[in-house]
Amino acid sequence: MSDLITPFLIQSAVQAITPILLASLAGSLCQRAGVFNVALEGHMLVGAFAAVVGSYFTQSAMGGVAAAILAAMMFSLILAYGATVFRGDQVVIGIGMNLLASGLTAYLLRVLFGVSGVFSDPAVVSLARIRLPGLQNIPVIGWGFASQTYVTWIAWALVAIVSVALFRTPVGLRLRGVGEQPDAAETLGVDVTAYRIVTVIFGGALTGLAGAQLSLGAVSVFAEDMSAGRGWIAVVAVMLGRANPLYAAGACVLFGLADAMSIRLQGEGLPNQLTDMSPYLVTIAALAISHRKRLRAAAPPAEVAAASPGGAVEPQPDTR
Amino acid sequence: MSAPDARGETPRRLMRAPPAATAILFAAIVGGVLVIASGANPLQAYYQILVGSLGPGALPDTLNWATPLVGMALAAAIPLRGGMINLGGDGQMVIGGLTAATVALYLPAPGPVAAIAALIAAALAAGLYAALAAWGETRHGVPMLISSLLLSYPAVGVCSYIVRFPLRDTATGLPQTRMIPEGARLLTIAGPLNIGLLIVIAIAAAVVFIDRRAIAGYELRLRGVNKRFAGYGGIRLDAQAMRAMFASGAIAGVVGAITVLGSQFRFIDEALLIPAYTWSGLMAALLANGEPVGAIIAGLFFAALQTGGFAMQRETSIPRVLTIVLQSIVILFLAVRHGLGRRNA
Amino acid sequence: MSVLELEAVGVVKRYGALLANDHVDLAVERGEIHAVMGENGAGKSTLMSILYGLQPPDEGRVLLRGVEAHFRSALDAIAAGMGMVHQAFKLFNSLTVWENIVYAREPRRGLFIDRAKARKSVMDLAARHGLGVDPDASVGKLSVGVRQRIEILKALYREARILILDEPTAVLTPQERDGLFDVMRHLAAEGRTILFVTHKLNEVMAITNRVTVLRDGRVVDRMKTGETSAREIIRAMTGRSVSLKIDKGPARAGAPLIEAADLTVAAPGGKPAVDKVSFAVRAGEIVGIAGVAGNGQSELVEALVGLRTPDAGSVRIAGREVTDASVASHRAAGMAYVPEDRALIGSALAASAADNLAMGFQRAPPIARGALIDSGAMMVRARSLIAKFGVKIASEDSPVGALSGGNLQKIVAARELSREASVLIAEQPTRGLDVGATEFIHGQLVAERDKGRAVLLVSAELSEILALSDRILVMYEGRILADVPQSQANEETLGLLMAGRAPSPA
């Protein structure tokens, strides 16, 4: 067992966690604001693509990150306005956005670079890694952070900052109320629609960053559909964490470890088609176990209702 | 206090006819801008799509493409009719495809018998796997939206493993099974078309008939309108969810089997997934809000669009993935636009 | 005294064809407790929502301290010193008490909420008005009475000088109600003005200074509480002097068809919602369950019909053990059920009347023909039920979402009664219905009884319970306190029992 937990394993886990972590942070905030964001997957893909494009044309990783954030924020406008001002069905919009992201990035990949499938080019600058001297000597945590991109550092800092903001500031308190009881928040003078729009767009920025880490973090490559279900795992992390950024981060760590372990098992000679399943299986098991625990606590899982299509918009009882 | 909104109607997700036309027009305009931005002529692109799908000689190709796509639209429409979403079509289709290939290769029976057994086995295997997602929701509280999708990845992974190792065709060395003996293949009708088309037509007819005339159709439709009412009225919701998902998965499995037995003649890793039938089918079903006839029409429309896309790519410089972009814009427009309608109502 | 704090002058509000407020005049003096009375649907809630800025009047004016007020939203009303405690609380269950109270008006320290200051001001406010709360408790775990205190504190935190309480006692136990009355008296003594919306007579007599009575959207009377009597107020409210009486013969009770034994439903927060309840309803009798709303009636019914699995005890329907079974099994045993919420549970609003009326009949002839639906038979059935129950609907193909409350209830009742099931459970069957529809439903319930069925009636309307039931079970805090035959029941004894007190031996 001990030879399984190596500095390399921890490092690749931390690396794998970053995009999911950022996306789950976005998802948690949206959930708090009362928007069920299943478009995280698409946001991430748009971000990953824009990051490569930005990096390629500006010849700088920073340019890539900026492009990723901007593009994903623009993309998030569909959900931000579609689910609020236009009151569309959040799940349908989310699924549509994921497909749009998949098609649009593949289309632009061909048009801009004339390739299909995978694009890599020396001109694409990847994210710099921060190396703090001595860090690699601290077991586990130190191993994990010894050589990571600044996006990873930002991601963990954001988890802390967002948690504090959510639970300690007036804006955070109002946001939590907006998602739970929009009527009540509205009568107390909080503009529910504005809160939701801003939150979804901010979530777009976070998932854009996640996409940048995906395409410019470990590699400097864009591959079609490279988000590969990570956005959905983030959705699950939000559910497991009950929209608490810290708990959701805990769930992300679990998936990251499963992911890293699968790479490790490949090293042991298991075919990757089998080991690649582990994050998904861990996810399903975690959901089932958390449901059982919650049943015992006798609190109904609100997320389940939110997850079924149309669940968020029940007809109002006719009081007359 | 609540202003008497006597309607209080359950939101119908999307509207039909005229809004659909507006949505298509809108998608054409946005797509056109995209085409112009990439330095090509949108009118030429759309002309090629039209000719390449419905023009002389193109129709068989469109129908051939529509066979799996409409099949997957029906697979998506069944749960959607009851207010559920099956995002795991990919996994179910692959399971069906691999099961069919295995049965057709290894069942010691005359060809036609093997083919029929392969189709049935594919439907059963994929149906049971889909029902697993429903079981996850009813017994373990994992929302079906999530469980169906997450179960898809391991299914694809395991099938990929099987075809890479135990069942790999050693002659070619590629990740694919051996060729299925000719007797066990689906009969060809003409050109690219085989009796898989007839099977999908039969499934479509059955789904429409059940939806309109059968008790099961009534119960599923009413569940879609108000799930709590259906439960209160005495419908066993858990069993119903399992049945709907089984039917959905079984159709997806048959689609996989048809493709394997009718066009590819072997199970090839990833070959079933690349055309993204699952997602186009889901979009078609969403477009019709699960109503089967609407889903079939939308599926045919998307099939024509995508088939035309090949011609467009051939004749112009525009990548055919543009058609996927057009499809998703149609969906998004209707999803958002539907909200507009509701607010003004 | 006699400084006018709040006035409504000639307020008119229409909803389509319905005239909810018809030139209503209301004058409330500073520092008084002013009751606004009327039956369900008399227009009380509409008037309050206009005063509070939730909706504008079609005609007429609202004057605040003699100055015309133009509230665009509740926000303007709050800024002008008004507060309202709604019947359905507007609280954030996952947040703490103090977070709920300071929400959107948080004391700050730099970027952060000044939690110490927020908690202190909440505690000070609570202490000053005798509204004991734990500022750090999570609201979702608190009892209804405490939640109401939080709503009042929320208004007081925003310096409300006028407080509107909309049916505040409907959900309270007698002790909680007495506590609320103390708070109301205290607030009035401080010079705050209280508008008390209710339809409970004894409460009006106990606490108010003046009364304005609404009926059918119009003000029918204004009285000083000290100079009037309960009888006079009732006459004003109902336009008749006695409550409804129903013509029915004596019950001929037969075998028990609904049997509950030690039925228990747990609730979050310790005390069970239904606490070891045992009773039986026999063929040919109507058993009424009386009680203040929120004493476990809803949970009891959910456990009886199979919408909720009881935590202990057993349920038998027509002799068949169905404790842990689904609604479907209960129905198969022979149960019809008219649910409390006809729009969310009792019907599919977007579906047609024919579809709604067929639910539960789709698996048996004549509607079922093998595995298929005979749509002709479905239409025939729908048409005959629509005619028999006098539902006003364009056709059997029209969606039921467009129907009025009374007509929708007739659809629900038509479907359930046509089951000819041996057991009928009816929950608030006439809530929100007009007099005609109410009488019709009452007649149907009695007819069911006379056909030898076991009828369980759950209603918050004591008069309805008294008029219909052969026996009355009184529920209080999850338990059944008494089983009273109709002949021995009257408003007074039941009222005492509903308050949790055993009647003194006569």
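Residues numbered from 1 in each chain as written. Chains lettered and ligands numbered in written order. Predicted model: local features only at pLDDT ≥ 70, side-chain atom pairs only at ≥ 80, totals over all residues.

1. Brief notes about the overall build of chain B
Secondary structure summary: chain B contains 13 helices and 2 strands in total. Taking 2.2 N^0.38 as the reference for a compact globule, 345 residues should give roughly 20 Å; the C-alpha atoms of chain B span a radius of gyration of 21 Å, in line with that estimate. Taking the principal axes of the C-alpha coordinates as reference, chain B spans close to 75 × 55 × 35 Å. Across chain B, the fraction of contacts at a sequence separation of at least 24, relative to all contacts at a separation of at least 6, is 77%. (Helix = DSSP H or I, 4+ residues; strand = E, 2+ residues; numbered from the N terminus. Rg over C-alpha atoms; globule rule 2.2 N^0.38 Å. Contact = placed C-beta atoms within 7 Å.)

2. Quick word on the overall build of chain C
Broken down by element type, chain C carries 16 helices and 24 strands. Compactness check: chain C gives a C-alpha radius of gyration of 25 Å against a globular reference of 23 Å for 506 residues, within 12% of the reference. With the principal axes as the frame, chain C shows a C-alpha extent of 70 × 60 × 50 Å. A total of 506 residues make up chain C; the buried ones form 49% of that total. Long-range pairs, those at least 24 residues apart, make up 67% of the contacts in chain C between residues at least 6 apart in sequence. (Buried ≥ 20, exposed ≤ 12 C-beta atoms within 10 Å, placed from the backbone.)

3. Some remarks on the sheet that holds strand β3 (residues 33-37) of chain C
All names here are of chain C. Pairing within the open sheet is mixed, and its 6 strands lie in the order β6-β9-β10-β3-β11-β12. The sheet terminates laterally at β6 (82-85) and β12 (218-224), the two strands that pair on one side only. With direction set aside, neighbouring strand axes in the sheet form an average angle of 15°. Sheet analysis places strand β11 (residues 210-215) next to β12, joined by 6 bridges and oriented antiparallel. Each bridged residue has a counterpart across the sheet, and for valine 213 the counterpart in β12 is aspartate 221. Contacting β3, β6, β9 (162-166), β10 (193-198) and β11, helix α1 (residues 44-51) runs over the sheet at an angle of about 150° to β9. (Pairing = 2+ DSSP bridges. Axes fitted to C-alpha atoms, helices over the stretch in contact; angles between N-to-C directions.)

4. Section: the interface of chain A and chain C
Accessible area lost when the parts come together is the quantity often used to give the size of an interface. With 22 residues of chain A at the contact, the number on the chain C side is 25 residues. Contributions of two or more residues to the side of chain A that touches chain C are made by α7 (170-180) and α8 (182-187) of chain A. If one sorts the elements of the side of chain A that touches chain C by residue count, α7(A) sits on top with 6 residues. In the side of chain A that touches chain C, the residues fall into 8 nonpolar, 6 polar and 8 charged. (Nonpolar A, V, L, I, M, F, W, Y, C, P; charged D, E, K, R; others polar.)

5. Considering the sheet that holds strand β1 (residues 4-15) of chain C
All names here are of chain C. Strand order in this open sheet of 4 strands is β2-β1-β4-β5, and the pairing throughout is antiparallel. Lying at the two open borders of the sheet, with one neighbouring strand each, are β2 (18-29) and β5 (67-69). Along the sheet, successive strands turn relative to each other by an average axial angle of 30°, direction set aside. Bridging between β1 and strand β4 (residues 59-64) involves 5 bridges; their strand directions are antiparallel. In the strand pairing of β4, glutamate 7 is matched with leucine 63. Sitting on the sheet, α1 touches β1, β2 and β4, and the angle it makes with β1 is about 120°.

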